[in-house]
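Below are the chains, spelled out letter by letter.
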Amino acid sequence: AVTAAPAAAVGTADSNYSLWLYFGTGRYLANADKADTTQQYLYGIKDPYYNFKLDPGDRTTLLNSEPLDKASLFDTTGVTVYTDGSIAGTGEAATFGDLKIRQGHSLTYEVGWYKELDSGERIVSKPSVLGGIMLAPSFVPNNDICGFGGDSYLHALYFETGTAYWKSVVGVEADDSVKDKINLGAGLSSSLGIHVGREHGAKGFIQQSTGTINQIDLTPALSVKSGFVNWRESN
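The rules behind the values
Residues numbered from 1 in each chain as written. Predicted model: local features only at pLDDT ≥ 70, side-chain atom pairs only at ≥ 80, totals over all residues. Heavy atoms only, no water. Buried < 20%, exposed > 50% of the residue type's maximum accessible area, 1.4 Å probe, protein only. Helix = DSSP H or I, 4+ residues; strand = E, 2+ residues; numbered from the N terminus. Pairing = 2+ DSSP bridges. Phe/Tyr/Trp six-rings, centres within 6.5 Å; stacked < 30°, edge-to-face > 60°. pLDDT = per-residue confidence, 0-100. Contact = heavy atoms within 4.5 Å. 1 Å grid on protein atoms, 1.4 Å probe; cavity = no way out; pocket = protein on both sides within 12 Å on 5 of 7 lines; lining within 4 Å. Points joined across faces, edges and corners; volume = space filled by probe spheres on them. Nonpolar A, V, L, I, M, F, W, Y, C, P; charged D, E, K, R; others polar. Core = buried A, V, L, I, M, F, W, Y, C linked by side-chain atoms within 4.5 Å.

K.L.:
I would appreciate a short explanation of the pairing of strand E14 (residues 213-218) in the present structure.
P.N.:
Consecutive side chains of a regular strand alternate in pointing toward one face of the sheet and then the other. Side chains Asn-214, Ile-216 and Leu-218 of E14 all project onto a buried face; the interleaved residues Ile-213, Gln-215 and Asp-217 project onto a face where none is buried. Summarising the sheet, strand E13 (residues 202-207) and E14 pair through six bridges and their orientation is antiparallel. By the bridge assignment for E14, Ile-206 is matched with Asn-214. Adjacent in sequence and paired antiparallel, E13 and E14 are bridged by five residues, among which Gly-211 carries a positive phi angle near 105°.

Have a look at this one:
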């Protein structure tokens, strides 16, 4: 069950033409929200009906057999992905490749995933999706009940697994684990603005309520730029 009204959602399609919807829960509208430590979540849910490759009968079967409830989702909380492709924190798979394979053959992965946020953390800005990475700003209010301060973070999760990608998107830790979240500093973050230019990767821009603008170097999992398909010299 969703514990609070979700922030605006964003959707995308995977390589199998299935529609995914991404959103987070939580709110920060009044002083009373500051002290709220109700568990909040990030969700990635595959819609079992919208897949234009299936005929209407198959879509109806999927809709009836795969309930979109939390118990049917893969819990990615605490799952760590390393740069060699290995993972820790789940007994259901040994490598990132296993996660992707099972994603197509298991009820859990067919429906989607969820991730628990830290205590007091909530999603109040719209997520974005770029090159297979779901990017979601989050906010943790500080302990000053009379103020409106706090710190913001950016989650960077592979869109089908809800974990870090096996290659660096926003950085790597000293133990070679891939970061799935970075600190944006003080203030409440806006939604992420994305620039894809001629340089490698992409850049994200987020403005804090303090006025600070963060520039974040992003390396998407999938290509987001056009390029040569083939080339042949003509005589």
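K.L.:
Help me understand the packing of aromatic side chains, please; the structure alone is not making it clear to me.
P.N.:
Think of a pair of aromatic rings as described by two things: how far the centres are apart, and how the planes are tilted against each other in angle. The full count for this structure, using the stated rule, is 12 aromatic pairs. Between Tyr-22 and Trp-113, the ring centres sit 6.2 Å apart and the planes meet at 40°, which makes this aromatic pair tilted. On the criterion of sequence distance, the pair formed by Tyr-22 in strand E2 (residues 19-24) and Trp-113 in strand E7 (residues 112-116) is long-range, its members being 91 residues apart. Seen from their ring centres, Tyr-28 and Phe-139 are 5.0 Å apart, and the 50° between their planes marks the pair as tilted. One end of the pair, Tyr-28, is in the loop between E2 and helix H1 (31-34); the other, Phe-139, is in strand E9 (residues 133-141), with 111 residues separating them in the sequence.

K.L.:
Teacher, can you tell me more about the sheet that holds E2 here?
P.N.:
Within a sheet, each strand pairs with its neighbour through backbone hydrogen bonds, oriented either parallel or antiparallel. Strand order in the open sheet formed by five strands is E1-E2-E3-E7-E4, and the pairing between neighbours is mixed. The open sheet is flanked by strand E1 (10-13) and strand E4 (74-75), the only strands paired with a single partner. Where E1 lies against E2, four bridges are found, and the strand directions are antiparallel. The partner of Thr-12 across the bridge, within E2, is Trp-20.

K.L.:
Looking at this model, I keep getting lost on the confidence of the model for the protein chain. Mind explaining?
P.N.:
Detail in the predicted coordinates should be disregarded across regions flagged by low pLDDT. Confidence along the protein chain averages 79 in pLDDT terms, with 74% of residues attaining 70 or more. Across the protein chain, the secondary-structure element scoring lowest on mean pLDDT is helix H4 (residues 107-111), at 54, and the one scoring highest is strand E5 (residues 80-81), at 95. For the stretch residues 1-5, pLDDT sits under 50, and the model shows 15 contacts to residues farther than four places along the chain or on other chains. Below pLDDT 50 for its whole length, residues 104-109 participates in 14 contacts with residues either more than four positions away or in separate chains.

K.L.:
I keep staring at empty space enclosed by the protein and nothing clicks. Help me out?
P.N.:
Empty space left among the atoms is revealed by rolling a probe the size of a water molecule over them. In this structure the tally under the stated criterion is one cavity of 30 Å³ or more. The calculated volume of the largest cavity comes to roughly 60 Å³. Of the residues belonging to the lining of the largest cavity, the class tally is one nonpolar, five polar and four charged.

K.L.:
How do you make sense of the side chain of Thr-76 when you look at a structure like this?
P.N.:
Within the secondary structure, Thr-76 sits in the loop between E4 and E5. On the accessibility criterion, Thr-76 (3% relative accessible area) is buried. Sequence-distant contacts of Thr-76, defined by excluding residues within four places in its chain, comprise Trp-113, Tyr-114, Lys-115, Thr-161, Gly-162 and Thr-163.

K.L.:
Which parts of the structure should I look at to understand the nonpolar core?
P.N.:
Proteins that are soluble and globular tend to have nonpolar side chains buried together. Core analysis: the biggest nonpolar cluster contains 37 residues, and Leu-42, Trp-113, Ile-133, Leu-135 and Ile-216 have the highest contact counts within it. Contributions of two or more residues to this core are made by E2, helix H3 (96-103), E9, strand E10 (150-158), strand E11 (181-186), E13 and E14. Ignoring sequence-local partners within four residues, the contact set of Leu-42 consists of Phe-23, Gly-24, Trp-113, Tyr-114, Lys-115, Leu-117, Ile-123, Met-134, Ala-136, His-155 and Leu-157. In this structure, Tyr-41, Tyr-43, Ile-45 and Tyr-114 belong to the second largest nonpolar core, which totals seven residues.

K.L.:
Teacher, can you tell me more about the environment of Val-81 here?
P.N.:
Residue placement: Val-81 occurs in strand E5. Sequence separation of Val-81 and Trp-166 is 85 residues, and the distance between their C-alpha atoms is 5.9 Å. In this structure Val-81 touches Ser-86, Ile-87, Phe-96, Thr-163, Ala-164, Tyr-165, Trp-166, Asp-176, Ser-177 and Val-178, once residues within four positions along its chain are discounted.

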